[in-house]
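Single-letter residue listing:
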Amino acid sequence: KCKRTFKIYTAFLAVGLFNVTMASLGTFVSSLASSEFKIPYTIWIPFDYHHNTFIFFMVSIYDYFVPASLVPLAVGLDFFPIFFINMSSGMLEELTNHISEIDFGEKNVENCKRIVNKEEVKIYAETQLGKEESELKKCIDIHIRVKIFIAQSERAFSYVVGALFAVNTLILCTTAYT
């Protein structure tokens, strides 16, 4: 599961970097072709870059690398809660598999039927059922730890996810109507 999530993260990262690169290169090439120097992202520059090709080139590089360096941060922030949800899901799946491996009945009944002596049945029941009981106790302990992990993850990310949703909504609304 983590490998699949990491592949999706890498794909989103590649798409984000591709978008930033294409926007920067497209604007840079069209600016050089038309000799009207425009940078892809509006930023404040304390000097005039419209009349000097070298300064325009340096500003364009700066204007590319700033958003390109922020893409992994933005994608990572969006995927961080997903990684923890994926880890929680994997833990629960592993716990389910562990519980399903514990044999509580049929095998023990068959083994007890084969044993003729009542004393041997008692010894078998104490040893074999004791192993299953200890395995079940381990599963309960793991379940408690997984619940604590999930609760801590939810506590840590609920505000972050809410803030990301609010900020993304604000950005979308303010940029769509400008």
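So, a few notes on the structure that sits alongside this text. The residue count restarts for each chain, going from 1 along the sequence in the order it is written. Side-chain atom pairs in this predicted model are given and counted only at pLDDT of 80 or more, local residue features only at pLDDT of at least 70, and totals for whole chains, interfaces and linings cover all residues. Excluded from the side-chain calculation are hydrogens and water; included are all heavy atoms of the structure.

Time to look at the environment of Pro-67. Within the fold, Pro-67 resides in helix α2 (residues 53-101). It only takes one pair of heavy atoms within 4.5 Å for two residues to be counted as in contact. Excluding its chain neighbours within four sequence positions, the residues that come into contact with Pro-67 are Val-20, Tyr-41 and Tyr-62. Under the scheme used here, helices are H or I runs from DSSP no shorter than 4 residues and strands are E runs no shorter than 2 residues, and both carry numbers assigned from the N terminus.

Take Asp-63: it is sitting in helix α2. For Asp-63, a relative accessible area of 2% corresponds to the buried category. Not counting residues up to four positions away in its chain, the partners in contact with Asp-63 are Ile-39, Pro-40, Tyr-41 and Ile-43. Three exposure classes are used, based on accessible area relative to the maximum for each residue type with a 1.4 Å probe and protein chains only: buried under 20%, partly exposed in between, and exposed over 50%.

What follows is about the environment of Tyr-49. By the element assignment, Tyr-49 lies in the loop between α1 (2-34) and α2. Sequence separation between Tyr-49 and Lys-38 is eleven residues; the distance between their C-alpha atoms is 9.0 Å. Among all residues touching Tyr-49, those that are not within four sequence positions of it are Phe-37, Ile-39, Ile-55, Phe-56 and Val-59.

Turning to the pattern of salt bridges, a few remarks are in order. Think of a salt bridge as a Lys or Arg side-chain nitrogen and an Asp or Glu carboxyl oxygen that are within 4 Å of each other. Tallying each qualifying case throughout the model produces one salt bridge. Between Arg-145 and Asp-141 there is a salt bridge, with its nearest N and O atoms 3.2 Å apart. One end of the pair is Arg-145 and the other is Asp-141, both in helix α4 (residues 118-176) and four residues apart, which spans about a single turn. According to the relative accessible area criterion, Arg-145 is exposed, its value standing at 57%.

Stacked, edge-to-face and tilted are the three classes for Phe, Tyr and Trp ring pairs, Trp counted by its six-membered ring, which pair at centre distances within 6.5 Å; planes under 30 degrees apart are stacked, over 60 edge-to-face, the rest tilted. Here the structure, examined in full by the defined rule, presents four aromatic pairs. Aromatic pair Tyr-64 and Phe-65: ring centres 5.0 Å apart, planes at 70 degrees, arrangement edge-to-face. Assessed through its relative accessible area of 21%, Tyr-64 is described here as partly exposed. When the ring of Phe-84 is compared with that of Phe-157, the centres are 5.0 Å apart and the planes differ by 45 degrees; the resulting orientation is tilted. Note that Phe-84 is positioned in helix α2 and Phe-157 in helix α4, a separation of 73 residues in sequence. Of the aromatic side chains, those joined through ring pairs into one cluster are Phe-84, Phe-149 and Phe-157.

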